[in-house]
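Residues per chain, in single letters:
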Amino acid sequence: MARPNNNVTATEVLFLDQGWTDEDRQTFYYLSQGSELLPYHWFLALEQSDSDELFRADQHMKKLGYIPQQPDKNRNPDGLPIGFVKHEDPAKVSYNIKKEFLGRTYDKEEYPATNIWLGMTCSNCHTSEINYKGSLIRIDGGSSHADHEGFLTQLIKSLQATTSNPDKMSRFAHRVLDPNWNQGEQEALKDRVMAYTEVLDKQLLKLNKGNVPYGHGRLDAFGAILNRICATALDMPENQRPADAPVSYPFLWTSPQLDWVQYNSSAGNPINRNVGEVMGIYSHLKLTGTAATGQFTSTVNLQNLDRLEAYIEKLKAPAWPAEQLGKIDPAKVALGKRLYAQNCAKCHHIRDTAGNFPMTKDVVAGKQFVTTVSDTPLNEIRTDPQMVQNFLGHKAKPGVLREFLEPKEVQAQEEIPRALLLRAAVKEVIKHKLTEAGLQGKELDEAVLRLNRSRTDPFVNPPVSLMSTYKARPLNGIWATAPFLHNGSVPNLYQLLLPEDQRMKTFFVGSNEFDPRQVGFRTDKGVKFDTALKGNLNTGHSGPGFTQTRKEDGTYRDYTDQERWALIEYMKTLL
């Protein structure tokens, strides 16, 4: 197999103390969840569409926002970027599960003859790096800079270029088939590549296409997941909706300890959340048919998802690396702390003197959870509403999932909120996986409870009122998570503290060059972000208690610049 032309200069990476060992980190980077995007050896052999350089070359993957890595014989033998993994699945099983994904007219003879697939795992979207004056700082669990939509677009374009260019096809075939290459096998391979590329183009790009590009660091994961369930897996194309509400990849530390996760508090129990997540990054499932024909079978790996959750439970927020990014000013911190307590802490909680965040009053299996705040209505917070509106407003016909819907009273409705269809599908996929493992009755229920980390109601299924706005969570480690607001529409903390009409209307994203003063990334190069476009609004989180503080007479005024810099300095210290 040819090696990629990797000419990225190796730079020593600084790993901050986030509670992980090197072994933890490598396992998190490369443990398969059951994702199957493309035959593994196709990806290793694929060239870029406009050159004979390999698609996976470090420079190319870095340009797309991924983090190149050196080969590791145990975890990553082919030197793939963080979050790209090798997944093994028997071809026969894989084909049966993918029938709806492949489509009714797909010829089984053209299905890739492989048991080894390229997939993605959590770290693909939840690992980042900061570059400052030659120092490269890894943020585990951070918000990735990946341009996932761009990756898929270029991947499909490169596959199409391969089958349309005889020289490319010959080189590709020799790499994939060697030492068993012959012309007949090359032609058969070409047919398989063409057929599978057509499926990827239809199911991953065209199905989810919106009018506004996601760009670096964003994805409409819910839109893609819900289309995958409601349109593809149910084999009901009329259930498709535009995936046009991209959000930033959320940072992971403290997430397992929160009462609710997702930007609109739409998830509580971890295994349901994680199974839904891997459905968005190319695991496959079968929802049609009956138990006898494999209904609810999937490629999801529950055991590995449980292991990944355990690593995230250990993950700590990164502390500001003063040696690399500059010392923190104690006087500014003192002023910022007072301002934060007066204006920010009521929503974005901080630790008490004992080091604890405010916890829920309810106790479940001896556990309490870190409280988030979701009581500011959307019309008051006024940040871009697209994600919440899509999540709650998009409905679909339930098809074969009707009898599995909860609560029971919704089963009679012609169209159901798509989020409830996702909840039903995930529940039955988990149940089927555990049944396959031989669990029944009480043992099955106990296994589900364990996978849910002993969570039960009221911390499992959130009410609609909770999902109707965006939650506020503790801002520990916030310095490492730019850009800001749920849709990434504000590039740095300084801009966030300005009144909304003074914020940048356009800026550029994609650079990992850090600005430790404003606390964000370089905004003058990369891909243009226009806040006037649908889903990109940078409005809201402005006014009293947000960008203004109370005067002695009880009225509000804008922060002074001195106060903004003080707040930023204080937020650098939050852990």
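Up top is the structure these notes are about.
All values derive from a computational prediction rather than experimental measurement.

Turning next to the overall build of the protein. Across its full length, the protein carries 20 helices and 16 strands. Whereas a compact globule of 575 residues would reach a radius of gyration of roughly 25 Å, the protein reaches 24 Å, a difference of no more than 12%. Burial statistics for the protein: of 575 residues in total, 58% are counted as buried. Taking the contacts inside the protein whose residues are at least 6 apart along the sequence as the reference set, 74% of them involve residues at least 24 apart. When the accessible surface of the protein is totalled, it reaches about 24,300 Å², and 50% of it is carbon and sulfur. Across the protein, the 68 positively charged side chains and the 69 negatively charged ones have centroids separated by 2 Å.

By the element assignment, Asn-76 lies in the loop between helix H3 (58-63) and strand S3 (84-88). In this structure the C-alpha to C-alpha distance between Asn-76 and Thr-27, which are 49 residues apart in sequence, comes to 10.0 Å. There is a polar contact of 3.1 Å between the side chain of Asn-76 and the side chain of Tyr-30. Polar side-chain contacts of Asn-76 include one of 2.9 Å to the backbone nitrogen of Leu-80.

Our focus in this paragraph is the sheet that holds S3. Adjacent strands of a sheet pair through backbone hydrogen bonds, lying either parallel or antiparallel. Spatial ordering of the open sheet is given by S2-S4-S3, a layout of 3 strands whose pairing is antiparallel. Edge positions in the sheet fall to strand S2 (38-39) and S3, since each has one partner strand and no second. Pairing of S2 with strand S4 (residues 116-120), which is carried by 2 bridges, proceeds in the antiparallel orientation. Across the sheet, Pro-39 pairs through a bridge with Trp-117, a residue of S4.

Further remarks concern the nonpolar core. Nonpolar side chains in soluble globular proteins tend to end up buried together. Of all hydrophobic cores here, the largest spans 52 residues; its most connected members are Phe-28, Tyr-340, Trp-479, Phe-514 and Met-571. At the level of secondary structure, the elements contributing two or more residues to this core comprise helix H1 (22-30), strand S5 (127-132), strand S6 (135-140), helix H11 (302-314), helix H13 (330-343), helix H19 (493-496) and helix H20 (561-571). In contact with Trp-479, not counting residues within four places along its chain, are Leu-16, Ile-130, Ile-139, Pro-318, Ala-319, Trp-320, Pro-321, Leu-325, Phe-514, Val-519 and Lys-572.

Taken N-terminus to C-terminus, the directions of H13 and H20 make an angle of 95°; their axes are 7 Å apart at the nearest point. Here H13 is positioned roughly perpendicular relative to H20, judged by the angle of their axes. Every residue of H20 that contacts H13 at Lys-332, Val-333, Leu-335, Gly-336, Lys-337, Leu-339 and Tyr-340 is listed here: Gln-562, Glu-563, Ala-566, Leu-567, Glu-569, Tyr-570 and Met-571. Broken down by class, the residue content of the contact of H13 with H20 amounts to 8 nonpolar, 2 polar and 4 charged.

Following Glu-406, the chain continues into Pro-407 via a peptide bond in cis, with omega recorded as 0°. Inspection of the secondary structure assignment puts Pro-407 in the loop between strand S9 (395-396) and strand S10 (416-417). Following Ala-482, the chain continues into Pro-483 via a peptide bond in cis, with omega recorded as 0°. By the secondary structure assignment, Pro-483 is in the loop between helix H18 (464-467) and H19. The backbone of Asp-235 shows a phi angle near 55°, a positive value even though the residue is not glycine. Relative to the assigned elements, Asp-235 resides in the loop between helix H9 (221-233) and strand S8 (247-248). Given a relative accessible area of 28%, Asp-235 falls into the partly exposed group. Positive phi, normally seen in glycine, also occurs at Phe-296, with a value near 75°. Residue placement: Phe-296 occurs in the loop between helix H10 (270-280) and H11. Classification of Phe-296 as buried rests on a relative accessible area of 5%.

As a further point, take the packing of aromatic side chains. Considering all chains together, one arrives at 25 aromatic pairs under this definition. Each ring, one from Phe-43 and one from Phe-55, has its centre 5.9 Å from the other, and the planes form 65°; the classification is edge-to-face. Residue Phe-43 is located in helix H2 (residues 40-45), and its partner Phe-55 is located in the loop between H2 and H3; the two are separated by 12 residues in the primary sequence. For the pair shown, Phe-43 and Phe-55 are each scored as buried. Between Phe-43 and Phe-84, the aromatic rings sit 6.1 Å apart at their centres with planes inclined by 10°, giving stacked as the arrangement. Highlighted residues: Phe-43 in helix H2 and Phe-84 in strand S3, separated in sequence by 41 residues. Across the pair, Phe-84 and Phe-43 agree in class, each one buried. Here the aromatic residues Trp-42, Tyr-95, Tyr-111, Trp-117 and Tyr-196 are joined through ring pairs into a cluster of three or more. In this structure, Lys-98 is placed above the aromatic ring of Trp-117, and the distance from its NZ or CZ to the ring centre is 3.3 Å.

Rules behind the numbers
Residues numbered from 1 in each chain as written. Predicted model: local features only at pLDDT ≥ 70, side-chain atom pairs only at ≥ 80, totals over all residues. Heavy atoms only, no water. Helix = DSSP H or I, 4+ residues; strand = E, 2+ residues; numbered from the N terminus. Rg over C-alpha atoms; globule rule 2.2 N^0.38 Å. Buried < 20%, exposed > 50% of the residue type's maximum accessible area, 1.4 Å probe, protein only. Contact = heavy atoms within 4.5 Å. Areas by Shrake-Rupley, 256 points an atom, 1.4 Å probe, with all protein chains shown as cover. Lys, Arg positive; Asp, Glu negative; His and termini not counted. Charge placed at Lys NZ, Arg CZ, Asp CG, Glu CD. Polar contact = N/O pair within 3.5 Å; in protein donor to acceptor, adjacent residues only side chain to side chain. Pairing = 2+ DSSP bridges. Core = buried A, V, L, I, M, F, W, Y, C linked by side-chain atoms within 4.5 Å. Axes fitted to C-alpha atoms, helices over the stretch in contact; angles between N-to-C directions. Parallel < 35°, antiparallel > 145°, perpendicular 65-115°, else oblique. Nonpolar A, V, L, I, M, F, W, Y, C, P; charged D, E, K, R; others polar. Phe/Tyr/Trp six-rings, centres within 6.5 Å; stacked < 30°, edge-to-face > 60°. Lys NZ or Arg CZ within 6 Å of the ring centre and 35° of its normal.

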